[in-house]
Amino acid sequence: MNTKVDEIAERIYRLSTFLPTVGPRGFTFNQFLVDAEQPLLFHCGQRALFPAVSEAAGRIMDLRRLRWIAFSHIEADECGALGEWLEAAPAATVTHGAIGCAIWLNDQAPRPPRALADNEVLDLGGRRVRRLDTPHVPHCWDAGLLYEEITGTLFTSDLFTHVGNPAALTDGDLLGPAMEAEKQFGYTAVSPATGATIRRLAGLEPRTLAVMHGSSYSGAAAPQLERLATFYDALLRKATTPPA
């Protein structure tokens with residue numbers, strides 16, 4: 001098992017592990033390291049990936065420098081290795097939204113978590129991450145995303161998931177591969193709020209999308225997000241329209 005390291009925005013690193021046996025064409029599991037005065041890791045990965053991912057992160061910095069650990073929602077590939085990361089980084093604090101802390105972290109985290117409110121900014125020193133509550137987008141009640149304001153990087157979690165082992169960074173179309181994966185796996189909790197939540201993200205006008213499964217995106221990302229919102233609106237209409 002090998003974890004690749006790529007810088008997708010200034011001092012923001014994608015740690016990518018490709019598992020060829022997952023799905024029809026394999027699947028990437030990506031964590032993201034924000035190198036700042038107080039470094040932050042977004043996504044912990046599964047426990048089985050920890051040795052490879054932590055070794056890759058150690059090529060960037062001493063893991064004992066890590067100060068913050070965050071993720072979108074409670075799921076093995078998001079936070080399965082949380083305990084291992086907290087052990088490797090004794091000064092780190094896990095941070096999540098209020099709901100996630102209430103339903104899981106306050107009871108299960110090895111150290112007390114830091115709850116962030118919707119739109120609250122965490123100043124990392126040289127980088128600023130904003131917590132965005134996105135309940136049920138992509139899925140799970142506690143879901144939320146982070147937006148790094150200085151580089152314009154939106155950490156999208158499972159949004160734009162696509163299969164295979166593509167390039168670390170692309171300026172091409174994300175929607176086509178994401179639509180294919182959505183139709184195959186049905187991983188998004190589509191509701192009347194889905195499109196509106198994604199359009200809120202588009203309003204940030206991010207310049208980089210840090211995608212958890214597949215290529216990250218560099219360029220004007222708002223149109224990609226708007227098209228994704230339209231796709232989910234259409235899925236909802238199809239699912240709720242009575243047959244003629």
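For the structure itself, look to the data block above.
Residues numbered from 1 in each chain as written. Predicted model: local features only at pLDDT ≥ 70, side-chain atom pairs only at ≥ 80, totals over all residues. Heavy atoms only, no water.

A.B. asks: Please explain the nonpolar core as it appears in this structure.
C.D. replies: In globular proteins that are soluble, nonpolar side chains generally tend to be buried together. Grouped together as the largest cluster of nonpolar side chains are 30 residues, with contacts concentrated most on Leu33, Cys44, Leu66, Ile69, Leu82, Trp85 and Leu105. Those elements giving two or more residues to this core turn out to be strand 2 (12-19), strand 3 (27-34), helix 1 (50-58), helix 3 (82-88) and helix 4 (98-108). Per element, the largest residue contribution to this core is four residues, and it comes from helix 1. For leucine 82, the residues in contact, after removing those within four places along its chain, are Cys44, Ile69, Val94, Trp104 and Leu105. Ranked by size, the runner-up nonpolar core spans 25 residues in total, among them Leu159, Leu174, Val211 and Ala229. (Core = buried A, V, L, I, M, F, W, Y, C linked by side-chain atoms within 4.5 Å. Buried < 20%, exposed > 50% of the residue type's maximum accessible area, 1.4 Å probe, protein only. Helix = DSSP H or I, 4+ residues; strand = E, 2+ residues; numbered from the N terminus. Contact = heavy atoms within 4.5 Å.)

A.B. asks: How should I be thinking about the pattern of salt bridges in this particular structure?
C.D. replies: Think of it this way: side chains of opposite charge can pair up when their charged atoms draw near. Taken as a whole, this structure holds 14 salt bridges when the rule is applied. One salt bridge in this structure joins glutamate 120 and arginine 114, with 2.9 Å as the shortest N-O distance. Connected through salt bridges with shared partners, the residues Arg128, Arg130 and Glu149 form a single ionic network. (Salt bridge = Lys/Arg side-chain N within 4 Å of Asp/Glu carboxyl O.)

A.B. asks: Where do I start with the environment of leucine 19 in this structure?
C.D. replies: Secondary-structure assignment places leucine 19 in strand 2. Leucine 19 sits in the buried class, given a relative accessible area of 18%. Put simply, leucine 19 and tryptophan 68 are 49 residues apart on the chain and 27 Å apart in space, counted from C-alpha to C-alpha.

A.B. asks: Looking at this model, I keep getting lost on the packing of helix 6 (residues 194-202) against helix 7 (residues 222-240). Mind explaining?
C.D. replies: The axes of two packed helices give the description: the angle between them and the distance between them. Following both chains from N to C, one finds helix 6 and helix 7 inclined at 175°, their axes separated by 8 Å at the closest point. Comparing their axes, helix 7 and helix 6 come out roughly antiparallel. Where helix 6 abuts helix 7, its residues Thr194, Gly195, Ile198, Arg199, Leu201 and Ala202 lie against Ala222, Leu225, Glu226, Leu228, Ala229, Thr230, Tyr232 and Asp233. Counted by class, the contact of helix 6 with helix 7 contains eight nonpolar, three polar and three charged residues. (Axes fitted to C-alpha atoms, helices over the stretch in contact; angles between N-to-C directions. Parallel < 35°, antiparallel > 145°, perpendicular 65-115°, else oblique. Nonpolar A, V, L, I, M, F, W, Y, C, P; charged D, E, K, R; others polar.)

A.B. asks: Explanation requested: helix 4 in the structure shown.
C.D. replies: Since the α-helix advances by 3.6 residues per turn, residues separated by three or four positions end up pointing in the same direction. Of the residues making up helix 4, those classed as buried are Gly100, Cys101 and Leu105. For helix 4, the angular spread of buried residues about the axis comes to 85°, placing them on one side. Away from the buried face of helix 4 by more than 90 degrees, exposed residues Ala102, Asn106 and Asp107 are located. (Arc of directions from axis to C-beta.)

A.B. asks: In this structure, what is going on with the packing of aromatic side chains? I would like to understand it.
C.D. replies: The relative placement of two aromatic rings is captured by the distance of their centres and the angle of their planes. Enumeration according to the criterion identifies seven aromatic pairs in this entry. Between phenylalanine 50 and tryptophan 85, the aromatic rings sit 5.1 Å apart at their centres with planes inclined by 90°, giving edge-to-face as the arrangement. You can see phenylalanine 50 sitting in helix 1 and its partner tryptophan 85 sitting in helix 3, a full 35 residues away along the chain. Accessibility expressed as a relative area gives 15% for phenylalanine 50, which makes it buried. A ring pair is formed by phenylalanine 231 and tyrosine 232, whose centres lie 5.1 Å apart and whose planes are at 55°; its orientation type is tilted. Grouping residues by exposure puts phenylalanine 231 and tyrosine 232 together as buried. Feature note: the residues Phe27, Phe29 and Phe185 constitute an aromatic cluster, connected by ring pairs. (Phe/Tyr/Trp six-rings, centres within 6.5 Å; stacked < 30°, edge-to-face > 60°.)

A.B. asks: Help me understand the packing of helix 5 (residues 175-185) against helix 7, please; the structure alone is not making it clear to me.
C.D. replies: Relative to each other, helix 5 and helix 7 sit at 30°, their axes nearing to 10 Å. The orientation of helix 5 with respect to helix 7, classified from their angle, is roughly parallel. Pair helix 5 / helix 7 crosses with right-handed handedness. On the side of helix 5, the interface is formed by Leu175, Met179, Glu182 and Lys183, while helix 7 contributes Gln224, Arg227, Leu228, Phe231, Tyr232 and Leu235. (Left-handed = near helix turned anticlockwise from the far one by under 90°.)

These figures capture arrangement, not role.
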